[in-house]
Amino acid sequence: MLGLKEKASYGLGAVGKDMVYMLSASYILYYFQDILGVSAAAMGVILLIARVFDAFNDPIMGVVVAKTRTRFGKFRPWLLIGTLTNAVVLFLMFAAPPSLDAAGLVAYAAVTYIIWGVTYTMMDIPYWSMIPAFTNGGKEREGLTTLARSCAGVGAAVISILTMIIVPVLGKMFGGTVPSELASRYPGQQWIELNGFKFFTLGVAVLFVLFTVIMCLSIKEKSSVDMKTAKISEMFRALVQNDQAMCVVLTIVVVNVALYITSNLVIYFFKYDLGGANWNDGYALFNMVGGGTQILAMMILYPFLRNLLKLNNIRIFYVSIGMSIIGYFALLAMASVGVSSVVPFLIPGVLVMASAGVNNVIITVFLANTVDYGELKNNRRDESVIFSMQTFVVKLASGIAAFVASIALSVLNLKQVTCDAAEANIDFAQGVSQASKMGLRMVMTLIPIFVLILGVLIFKTKFILNDKKVEEISEELKVRHEK
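Residues numbered from 1 in each chain as written. Predicted model: local features only at pLDDT ≥ 70, side-chain atom pairs only at ≥ 80, totals over all residues. Heavy atoms only, no water.

Engineer: Go over the packing of aromatic side chains with me, naming the residues and quoting the values.
Structural biologist: Taken as a whole, this structure holds 28 aromatic pairs when the rule is applied. When the ring of Tyr-27 is compared with that of Tyr-283, the centres are 6.5 Å apart and the planes differ by 85°; the resulting orientation is edge-to-face. Note that Tyr-27 is positioned in helix α1 (residues 4-35) and Tyr-283 in helix α9 (residues 279-308), a separation of 256 residues in sequence. Residue classification places Tyr-27 among the buried positions, given a relative accessible area of 0%. The buried category is assigned to Tyr-283, whose relative accessible area is 3%. (Phe/Tyr/Trp six-rings, centres within 6.5 Å; stacked < 30°, edge-to-face > 60°. Helix = DSSP H or I, 4+ residues; strand = E, 2+ residues; numbered from the N terminus. Buried < 20%, exposed > 50% of the residue type's maximum accessible area, 1.4 Å probe, protein only.)

Set out below in structure tokens:
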């Protein structure tokens, strides 16, 4: 039976892990493109290639961990190695030498981001795979997994809320004066943010290492646990032979592409469209409300729709997508008519993020149902293989979304406004044309709407596992197992 110490330490590990992931996922494009001036198109290619490579790297790391044998276990050594190396690379990634030329910055971004992805996988795969190594299964295992997912959400929310509040403060405190030879490249606010990100990342990296060390010291592995791994060939074979799994995987891709396009661009919306001297405060409030909504939707909204309103899972999925589409239309409409206060934008933010929370739950349910369907159809349970695909396709979606966002930024030509170093509190929106603002609004709303509608059409056309069908499959499998 797990004690409070083990549960708390494992949850703490999830907080640190997702603080690091959110910092990289949400701010790497902004850091290199908006602050350092790297070409948005170049960053799009880098992010796409790195995420696709990282997605294919997951199964390889799974095999490496499965074959590891040490007196400290198979998981904890990789957790420590991965965390230490990832923390160092994370800091280096957000501490790019400002004197590098354009080509040098592109190379620096490419090398550090790809290595960051590899080292993150080194600790992420053993983190989730080690749950059977110190739990007894059943409710204990499910409870720990739920706790870890919730703590991961807390870690991500902390970064979303605090980053653009703390970064300017640290930049002003420790940034110093811009060297004369760099003054034309990094005027005013850019120099503040450049240094602010470096020191903020250092703090996040230290916490990440500290949380992982506490976790590894607090939990004990069972030496007898085997780790099931899935090869890339097994993943695609399982998909080809299971049309329902293929449908759900495609749905995961499109739903996440829509969400990630918006999450990559929303910081630019607050900075260059809504603007204002304190745009980062509004951005932090928007993220705080959105992050809290996503967690509450998983914990409260989905059970409410399922258990109290008695909606089936397919109907809940359509309701969720509808909420998101309404949220995007509302965001576009508010921005287009000139709403300038952040408070009204919290409404579409709540709708989109509540949808994201419900989708996190319901997609997992759909995937679980495709496992039973595959067993009935192919006489083989591909449970570990199919669930391995979830991480794979989410990373793929992240890369696609980052590429789309980067191309949009390149076309819209959004840049930091040049200002004197003393003028830190300026309105960046003043230097942006209405055409660029409208283009940004359309990319972050209409493209996600189109992608979501495409996903609904795929789902509606191909998915057959309604509640009645799931019950029939369950009964048929029960009869088969009794023979």
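Engineer: Give a detailed account of the pattern of salt bridges, specifying residues and quantitative values.
Structural biologist: Evaluation of the coordinates by the stated rule reveals 7 salt bridges. Measuring nitrogen to oxygen at the nearest pair gives 3.0 Å for the salt bridge that ties Lys-17 to Asp-18. You can call Asp-18 buried: its relative accessible area is 16%. Put simply, Asp-467 and Arg-306 hold a salt bridge, and the shortest N to O gap is 3.0 Å. Residue Asp-467 is found in helix α14 (residues 467-482), and its partner Arg-306 is found in helix α9; the two are separated by 161 residues along the sequence. What makes Arg-306 partly exposed here is its relative accessible area of 26%. Overlapping salt bridges bring together Lys-17, Asp-18 and Asp-124 as one network. (Salt bridge = Lys/Arg side-chain N within 4 Å of Asp/Glu carboxyl O.)

Engineer: Account for the side chain of Glu-193, naming residues and giving values.
Structural biologist: Structurally, the position occupied by Glu-193 is in helix α6 (residues 189-218). You can call Glu-193 buried: its relative accessible area is 0%. Side chain to side chain, Glu-193 and Tyr-30 meet in a polar contact 2.9 Å long. (Polar contact = N/O pair within 3.5 Å; in protein donor to acceptor, adjacent residues only side chain to side chain.)

Engineer: I'd like a rundown of the packing of helix α2 (residues 40-66) against helix α4 (residues 102-129), residues and numbers included.
Structural biologist: Two elements in contact, α2 and α4, have axes whose closest approach is 8 Å; the angle formed by their N-to-C orientations is 30°. Our classification of the angle between α2 and α4 gives roughly parallel. In this structure, α2 meets α4 at a crossing whose hand is right-handed. (Axes fitted to C-alpha atoms, helices over the stretch in contact; angles between N-to-C directions. Parallel < 35°, antiparallel > 145°, perpendicular 65-115°, else oblique. Left-handed = near helix turned anticlockwise from the far one by under 90°.)

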